[in-house]
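As a plain string of letters, each chain reads:
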Amino acid sequence: MGDGASSSRSGRGGVKERAKERGGIGESVVIDHGRRRNSCGYCRSTSASSVSHGLWANSLTADDYQELLDHGWRRSGCFLYKPEMDRTCCPSYTIRLKANNFYPSKDQDRVYKRMQRFLDGATSMDKSDNLKQTANSCKGSLKLVSRESIPEITAVSTKESSSSTCEKLSSESVIIHALSDIIDKTVSIFCGSISLPVVQFPKANVKKVTTQAKKKLKNISEDLAYTSNIAFQIAATIRSQAADEINKFLEPELPDINPRAIAEKISGLLMQQEVPYELLTKACNGHLNFYSTTKQISSEASNLKQKAQEPRGSQGNAKRIATSDHCVIMPQKRRKLEIRLKRSSFDQEEYALYRKYQIKVHDDKPEKVTVSSYKRFLVDTPIIFTPPISGGNSVAPCGFGSFHQQYLIDGKLVAVGVVDILPRCLSSKYLFWDPDFAFLSLGKYSALQEIDWVKGTQNHCPSLQYYYLGYYIHSCSKMRYKAAYRPSELLCPLRYQWVPFEIAKPLLERKPYVVLSDYLVEQQSAMLSKHASSVERFDTDTHGCASIEDSSDDEDNDEVDLRYKDTDMDIGDESSFLADGAPVADGSQNCDVGDIVLDVNGLRVKFKDLEKVLGCVDKKVISGLEKQLISYVRVVGTELAGHMVYSL
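Owing to the predicted nature of the structure, the values given are computational and were not obtained by experimental measurement.

A look at the state of the cysteines
- Using the criterion set out here, one finds 0 disulfides in the structure.
- Cys476 takes part in no disulfide bond, and the closest cysteine sulfur to it belongs to Cys90, at a distance of 6.9 Å.

Here it is in structure tokens:
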């Protein structure tokens, strides 16, 4: 496919063939619930404006559910649903991204850093209310105190990682942020030691020293890793204040307001602390430099740091730093994050967390959040588990199926992600988390972790490359966050091709339902219009898009509860289903339904052989069933309809 569009089926062979290669077992058996109408939870419509097609799955292979996803389906428990895009009030486009192409935004980077600081003990739950404001602030307001009341400092250390996941977080940006934090705290101590009045200083700016920068400078150690110009910022801030008022506070501790003197003072204070990542500090021409080894640090500085630190106690929980003037206790509290992947099953602890989340976050009534509703929604699954293959790379190491990904901090369950792991993707279904940990943005954090999981799994299962985020609804502002995971793609509702979001977005700005792959035709027409002024302005409605103004026939106006437990089939206007221009699956408009396998009271029989096997059957029943099967093929596609079992 050209210009960014990609087919969801190209070059993959048949579903049955792929399942056999993986040693797949079982078969897909579905019950057709037909067209569904309900009020919409996205646009808050009180009328039955939400239109979808529903299937109940008794069983479903991982390969078949992957194909259904790539035809616009999703599941809720064992109930499958697909919006009828040209009819529903809020068209829902399947959205995905290729994990290896993902690049985090600044906001997503902050989520990683926030979690890392919390695990390192640099932040606590007590400060959660102000955490977001603090993380986004470019300046820190420091209340400077006397030498006798120097505050306790929490050391930032990632010497030991709680898990392989946390090790990934030790990126350059995390190190820089950790250094910035420890410098800011040291500046607070420095200002307190010289008894300055309350002054607002900029946040420390730390930069990585690149190899190219080292080559340009003479006599620069190869071990120089990071540098900060905070001393210059402090000096400039002090000079900008009323000089006469401040200068009297500086004698005799700091007689000269210059960056060199300030840097030397701060460097000495940093040596009395545990600098993150075992970096050592030295002041040089007003800059604070951080080295990865001790070779370039003077012996005097090394001796000073060694003398300032006492041996750790037997408990290892705290470190006491002593100087001639004061004593600072540095707690060594580090939290442990565990991420566990387990197959979908009922867990009492998970249910308790889900109940707390639904009541506090979504304001659900307690009597509505029951064990049975939880199981039906997030535990029950029709997907048949596919075990991993020893020595093979066609199945993920955990197998294919439905899973719960648990997030535990110091053994406490704080979040659960419900996911489906399939041959080509990890499909995110739902996440619930502890409201007490809302400050950690666990929704975003779990999405980033799931993307990382896909990246890591590709070494064992090369076909598993994508992360599916569910439905994207452009007209619903609450759903637009999904497009922040870039670069993402949306599924064309007609041709089932994947179209880059950047191309789809301007089309969706015009109207909610668009045949996204028509952008190719639009581009070609736009190019022609530049060279032919007499050509009329291009209109996307003339290129295969079903009209959004299409109204339902009278027999479709009955209200039907969308929930599967009260489903009713609605196939009364089959002719309108298959009208010219209506979106249909590839090759399904004029399909032959004779080879569809039916399940009739446990007996498997093809539709074309129904009368032969069962004897005389009412012609009206046969005709009605044929219309129902045509509608079924329309929404699932010819290939899937040809081998999934249609249960009556």
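There is more to say after this.
Topic: the pattern of salt bridges
- Taken as a whole and assessed by the stated rule, the structure comprises 22 salt bridges.
- With a closest N to O distance of 2.4 Å, Glu27 and Arg604 form a salt bridge. Residue Glu27 is located in the loop between helix H1 (15-21) and strand S2 (29-38), and its partner Arg604 is located in strand S23 (residues 603-606); the two are separated by 577 residues in the primary sequence.
- Where Asp595 meets Lys606, a salt bridge forms, and the shortest distance between an N and an O atom there is 3.8 Å. With Asp595 in the loop between helix H17 (574-577) and strand S22 (597-600) and Lys606 in strand S23, the pair connects residues that are 11 residues apart, well separated along the chain.
- Relative accessible area serves as the criterion here: at 36%, Asp595 is assigned to the partly exposed category.
- Owing to a relative accessible area of 35%, Lys606 belongs among the partly exposed residues under this scheme.
- A cluster of three or more residues bridged by salt bridges with shared partners is formed by Lys356, Lys412, Asp434 and Asp436.

Observations regarding the packing of aromatic side chains
- Inspection of the entire model under this criterion finds 20 aromatic pairs.
- Ring centres of Phe346 and Tyr374 lie 6.1 Å apart, and the angle between their planes is 65°; on these two criteria the pair is classed as edge-to-face. Of this pair, Phe346 sits in the loop between strand S15 (337-343) and helix H12 (348-361) while Tyr374 sits in helix H13 (residues 371-379), and the two are 28 residues apart along the sequence.
- Summarising the aromatic geometry, the rings of Tyr472 and Phe501 are spaced 5.3 Å apart at their centres and angled 85° between planes, so their arrangement reads as edge-to-face. Taken together, the positions of Tyr472 in strand S19 (residues 466-472) and Phe501 in helix H15 (residues 501-510) put the pair 29 residues apart, joining distant regions of the chain.
- Judged by its relative accessible area of 9%, Phe501 is buried.
- Its guanidinium or amino end placed over the ring of Phe118, Arg335 lies 4.0 Å from that ring's centre, counting from NZ or CZ.
- Across the ring face of Phe385, the terminal group of Arg343 is positioned such that the distance to the ring centre comes to 3.8 Å.

Re the packing of helix H3 (residues 106-120) against helix H14 (residues 442-457)
- One way to put it is that H3 packs onto H14 with a least axis distance of 10 Å and a crossing angle of 100°. The orientation of H3 with respect to H14, classified from their angle, is roughly perpendicular. Residues Asp107, Gln108, Val111, Tyr112 and Met115 of H3 touch H14, and the partners they reach there are Leu442, Lys444, Tyr445, Leu448, Gln449 and Asp452.
- Residue composition of the contact of H3 with H14, by class: 6 nonpolar, 2 polar and 3 charged.

Description of the confidence of the model for the protein chain
- Per-residue pLDDT for the protein chain averages 76, and the proportion of residues at 70 or more is 67%.
- In this model, residues 130-170 is a region of pLDDT below 50 whose contacts with residues beyond four sequence positions or in other chains number 93 contacts.
- Counting contacts from residues 533-583, a segment whose pLDDT is below 50, to residues more than four positions away or on other chains yields 99 contacts.

Overview of the sheet that holds strand S9 (residues 206-208)
- One open sheet accounts for 4 strands, arranged S9-S10-S12-S11; its pairing is antiparallel. The sheet is open, and its two borders are formed by S9 and strand S11 (280-284), each paired with just one other strand. Strand-to-strand twist in this sheet, taken as the mean axis angle between neighbours without regard to direction, amounts to 30°.
- By the bridge criterion, 4 bridges tie strand S10 (residues 224-228) to strand S12 (residues 287-291) in an arrangement that is antiparallel. By the bridge assignment for S12, Leu224 is matched with Tyr291.
- Docked against the sheet, helix H10 (residues 259-271) engages S11 and S12, running at close to 170° with respect to S11.

Rules and cut-offs
Residues numbered from 1 in each chain as written. Predicted model: local features only at pLDDT ≥ 70, side-chain atom pairs only at ≥ 80, totals over all residues. Heavy atoms only, no water. Disulfide = S-S within 2.5 Å. Salt bridge = Lys/Arg side-chain N within 4 Å of Asp/Glu carboxyl O. Helix = DSSP H or I, 4+ residues; strand = E, 2+ residues; numbered from the N terminus. Buried < 20%, exposed > 50% of the residue type's maximum accessible area, 1.4 Å probe, protein only. Phe/Tyr/Trp six-rings, centres within 6.5 Å; stacked < 30°, edge-to-face > 60°. Lys NZ or Arg CZ within 6 Å of the ring centre and 35° of its normal. Axes fitted to C-alpha atoms, helices over the stretch in contact; angles between N-to-C directions. Parallel < 35°, antiparallel > 145°, perpendicular 65-115°, else oblique. Contact = heavy atoms within 4.5 Å. Nonpolar A, V, L, I, M, F, W, Y, C, P; charged D, E, K, R; others polar. pLDDT = per-residue confidence, 0-100. Pairing = 2+ DSSP bridges.

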